[in-house]
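Topology and contacts: notes
The residues making up each chain are set out below.
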Amino acid sequence: MNTAREFTGASSFYGGLSQVMKFLLLTVALIMGMFVSFQARAQLEIDIVHGAPEPLPVAIPDFLSSHPETDQIAKDIASVIAADLERSGLFRVLDKSMYIEKQTDINYQPSFADWRLINAKALLSGKIVREGSNRLKVEFRLWDIYGTEQLDGKRLATTPDNWRRIAHKISDNIYKRLTGEGGYFDSRIVYISESGPKTNRRKRLAIMDADGDNPQYLLAGADLVLTPRFSPTAQTITYLSWETGRSQVYLLDIETGRRELLGNFPNMTISPRFSPDGRKLIFSMIKKGNSDIYVFDLRSRSTTRLTTNQAIDVSPSFSPDGRKVVFNSDRGGSPQLYTMNADGSNVRRLSFGAGRYTAPAWSPRGDLIAFTKSNKGKFHIGVINAKDGKGERLLTNSYLDEGPTWSPNGRVILFTREGRGISGRSAIWSVDLTGRNLRKVPTPGAASDPAWSPILP
Amino acid sequence: MNTKTIVLAVVMLALSACATTPKQQEIIQTQPRAEVPAPVIVEPEPEAPIEPAPVEEAAPVIPQGPQPGTADHFKYMSGEDRVYFGYNEYSLTPQTREILKSQASWLQQYNNAIIVIGGNADERGTREYNLALGARRADAVKAFLVSQGVAPGRITTVSYGKERPIDGRSNEAAWALNRNAHSVVLVGGSS
């Protein structure tokens, strides 16, 4: 796979601006400044920590292209970035037909007044330089229209067929510059592709980009594969397959295609997840009908049992510091969430609300735990504080929502939503922590069990 | 609509004694059969669920009855190859025990047959929890068969969670059918 290389090319950008032009632009900026309140100079920022902000109006013209062969990519990169930002719910991309200024060189300051007229708060301008037949350089500059300053400027290089990743990397840069937090656009989603009716359903392992583009099957043959999860540190996933007749945990290196049956235990194994350092797998093993939680060390190949309860103990998920585990147990009579130390000690009940709590996932930020809740015939994806189980917020509500997975920055949750009845199909949906930005993720057919990758290198 | 979507569980292909991999243990075909008469109810649920086609009706179609010792014969003699459970339950009802006693006596008669018990759950639970619940149901059936004298080594268990429903509808009747443990003869026996 090609990896995008990134340069911080600030010096060359500034070098391109002649002293005369600088003077002229400064003059224009000063004149325009007389018509604008100076309080607008406070630096552009989106506060995603406190409540739900109004989407920020941003202009994203087509990138400039220096060669006919890159004209299409120049348009497409702008479209992919616009779609990324809009999907986050934090940005509103202004329609291109409104744009007054047509920049011909991104190394000059934009005409801020023209962009203010259409209420753009930020402007992304970019260009593509073709370097030989198999290499592109993509430059971008992010402008604060009211603060009249450049917020970000970078140059990235790649091969032409890798242009989508460049677009996602630019989206991540913009997101980070304006929210102060890491983005999640240059990442992938592993999931289960479903076909056939409910009573004869085929489930296959698949992967796609975070925006739903580029879907591919990962395995041939198997017709029942479930609950894939990404390693936080490598291009490896773990999943469940029934190919030996019972459910067992497998590992798959998606770069090399190398597959491994974990441990070859004589029992059913289910609900695998990686530790945050990628060195261990935590999962449930079922002996005589009873499920308990175990840890498998991928280097020493040793297995450690963490729970010894006669109740159902499943769906373990590590805290991001690796010290704690949240899991699902019915030891109290109904399915609830519990936490314990990574060695199995100090078990505490975390959820106390009405209904059944299952399928917990610890946020990569550490502060929240997402879960599935069923109550009064409805299913919800919700979050509670990891520390004390308080502050419950239900983000969704439907006949059947389940299995939350976090974006790499801990701001967005993907989950499975399944329709009612014989014609009900599964689909992957996303929701942010406000609960207001609920969207269906496009997939070629029915899909379930999403799991988000870390940000790609 | 509902009357046309009766689910018919077609019995296992007869398997010869020598033969098969666990992968092929369960072959379920479902198809709408409008002409199937209202089925007999063998259910703990108060609401009348629609049952898989009763064996009594299938039997006359086969001139000689199923070949003794085969998977078909197991189902024919036991009366039922599935037993059903309450919501989030894995305990056996008295009715369930009677069916399992029939299964056990067949297994004792054909004492080299091997079976696998598949535990299933309805859709109103999350995927991993339901896999654990299905395992409980399969094990409850295995434990009962063992208590009736069947050697534990002849019975394997597997859970499909909510992945193998026999009724695709979303109502009480369908959920009641989908909460089951399914005994399937993997290797037929001889008496």
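So, a few notes on the structure that sits alongside this text. (Residues numbered from 1 in each chain as written. Chains lettered and ligands numbered in written order. Predicted model: local features only at pLDDT ≥ 70, side-chain atom pairs only at ≥ 80, totals over all residues. Heavy atoms only, no water.)

Our focus in this paragraph is the sheet that holds strand β8 (residues 188-195) of chain A. Residue and element names in this part refer to chain A. The strand order across the open sheet built from four strands is β10-β9-β8-β31, with neighbouring strands paired in antiparallel fashion. A single partner strand is all that each edge strand has here, and the edge strands are β10 (216-217) and β31 (446-452). Judged from the two bridges that link them, strand β9 (residues 202-209) and β10 form a sheet pairing that is antiparallel. Each residue of the ladder has a partner; that of A206, found in β10, is Y217. (Pairing = 2+ DSSP bridges. Helix = DSSP H or I, 4+ residues; strand = E, 2+ residues; numbered from the N terminus.)

Residue and element names in this part refer to chain B. Where helix α2 (residues 71-78) contacts helix α3 (residues 94-109), the axes come no closer than 8 Å and their chain directions differ by 135°. Regarding the angle of α2 to α3, the classification is oblique. α3 is crossed by α2, and the crossing has right-handed handedness. From α2, H73, F74, M77 and S78 reach across to α3, where they touch I99, S102, Q103, W106 and L107. Looking at the contact of α2 with α3, its residues break down into five nonpolar, four polar and no charged. (Axes fitted to C-alpha atoms, helices over the stretch in contact; angles between N-to-C directions. Parallel < 35°, antiparallel > 145°, perpendicular 65-115°, else oblique. Left-handed = near helix turned anticlockwise from the far one by under 90°. Contact = heavy atoms within 4.5 Å. Nonpolar A, V, L, I, M, F, W, Y, C, P; charged D, E, K, R; others polar.)

Right, let's get into the interface of chain A and chain B. Every contact between the two is made by 45 residues of chain A and, on the other side, 34 residues of chain B. Counting the surface lost from both chain A and chain B, the interface buries some 3300 Å², and carbon and sulfur atoms represent 54% of this. Area buried by chain A at its contact with chain B is led by A:T199, A:I312 and A:R356, which between them contribute 18% of it. If you look at where chain A meets chain B, you find 19 residue pairs in polar contact (both at pLDDT 80 or more). Elements with a minimum of two residues in the side of chain A that touches chain B: β11 (225-230), β15 (268-274), β17 (290-297), β19 (313-318), β23 (356-362) and β31 of chain A. When its residues are assigned to classes, the side of chain A that touches chain B shows 16 nonpolar, 16 polar and 13 charged. (Buried area = accessible area lost by both parts, 1.4 Å probe. Polar contact = N/O pair within 3.5 Å; in protein donor to acceptor, adjacent residues only side chain to side chain.)

Distances and angles like these do not, on their own, reveal function.
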